[in-house]
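Given next are the chains, with one letter for each unit.
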Amino acid sequence: LGDVYKRQIQWVRDELRFISESRDAEYYASKVPDTGGVYLVPAFTGLGAPYWDMYARGTVVGLTRGTTRAHLCRAALEGIAYQTADLIAAMERDAGRPIQSLRVDGGASVSDFMMQYQADLLGVPVERPAVVETTAWGAACLAGLGAGLWHSPQEIAREGAPGRVYYPKTDRRREYTRWQKALERAKAWEEA
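Keep in mind that this is a model prediction, so the values were computed, not measured.

So, about the side chain of Thr-35. Within the secondary structure layout, Thr-35 lies in the loop between α2 (24–29) and β1 (39–41). Within the structure, the side chain of Thr-35 is placed 2.9 Å from the backbone oxygen of Val-38, a separation counted as a polar contact. Non-local contacts of Thr-35, meaning those with residues more than four positions away in its chain, are made with His-71, Arg-74, Ala-75 and Glu-78.

Here is the structure:
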């Protein structure tokens, strides 16, 4: 969902011009206690997994006169967490068992707000490594092994800095139910 994060936050930054830099979304999101009932479904080009609806379109629901930039920034970040929860729920159904924790990396994982919200939503710990660009880190480690800087993968693991774990603090079932209602509004918007 890294691409979803990138596209959604870029939209808030470049098209709505609510923020100057992508990291500002977290700043504004933290300024309000909730979204004020606003939900943003980022179906800009339809919905991918697990929905598979190419006719879906993006929606913003729950707007009132009291809705601010901060509410919309928060709704954008929460929308990514909801999509992740939907995808994980589908994976859990397929696997026949619940996840025990979620390991994250990449651009979206740098948002402390979003990682805490994800942990609350899933009800499991969310683990972020110290180095969030794990693909690049893995390539560097393989190169280091080849060059003899390390002699085994276990040696690399012992040297790794600990990351951060976000533990669930709040029950988000009510918000998730409302997300699903907003999601239904976005589905099949364009007729075939």
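Now for helix α4 (residues 112–122). Among the 11 residues in α4, 9 count as buried, and that is most of the element. Listed in full, the buried residues belonging to α4 are Phe-113, Met-114, Met-115, Gln-116, Tyr-117, Gln-118, Ala-119, Asp-120 and Leu-121. Immediately beyond the C-terminal end of α4, within one or two residues, lies Gly-123, with a positive phi of roughly 75°.

What follows deals with the packing of helix α3 (residues 69–95) against helix α7 (residues 173–186). In contact at an axis separation of 11 Å, α3 and α7 are set at 90° when each is read in the N-to-C sense. The orientation of α3 with respect to α7, classified from their angle, is roughly perpendicular. Contacts from Gly-79, Tyr-82, Gln-83, Ala-85 and Asp-86 in α3 reach Glu-175, Tyr-176, Trp-179 and Leu-183 in α7. Along the lines of polarity and charge, the residues of the contact of α3 with α7 split into 5 nonpolar, 2 polar and 2 charged.

Quick look at the nonpolar core now. In terms of nonpolar packing, the biggest core is built from 40 residues, with Val-41, Leu-77 and Trp-179 touching the most fellow members. Of all the secondary-structure elements, those providing two or more residues to this core are α1 (2–15), α2, β1, α3, α4 and α7. Every residue in contact with Trp-179, bar those within four places of it in the chain, is listed here: Tyr-39, Leu-40, Val-41, Pro-42, Tyr-51, Gly-79, Tyr-82, Gln-83 and Asp-86.

Right, let's get into the packing of α3 against α4. Where α3 meets α4, the axes come as close as 9 Å, and the angle between the chain directions of the two elements is 40°. With respect to each other, α3 and α4 are oriented oblique. Every pair of crossing elements has a handedness; the one defined by α3 and α4 is right-handed. Of the residues in α4, those touching α3 at Arg-74, Leu-77, Glu-78, Ile-80, Ala-81, Tyr-82, Thr-84, Ala-85 and Ile-88 are Phe-113, Met-114, Tyr-117, Gln-118, Leu-121 and Leu-122. Residue classes in the contact of α3 with α4 are distributed as 11 nonpolar, 2 polar and 2 charged.

Conventions used here
Residues numbered from 1 in each chain as written. Predicted model: local features only at pLDDT ≥ 70, side-chain atom pairs only at ≥ 80, totals over all residues. Heavy atoms only, no water. Helix = DSSP H or I, 4+ residues; strand = E, 2+ residues; numbered from the N terminus. Polar contact = N/O pair within 3.5 Å; in protein donor to acceptor, adjacent residues only side chain to side chain. Contact = heavy atoms within 4.5 Å. Buried < 20%, exposed > 50% of the residue type's maximum accessible area, 1.4 Å probe, protein only. Axes fitted to C-alpha atoms, helices over the stretch in contact; angles between N-to-C directions. Parallel < 35°, antiparallel > 145°, perpendicular 65-115°, else oblique. Nonpolar A, V, L, I, M, F, W, Y, C, P; charged D, E, K, R; others polar. Core = buried A, V, L, I, M, F, W, Y, C linked by side-chain atoms within 4.5 Å. Left-handed = near helix turned anticlockwise from the far one by under 90°.

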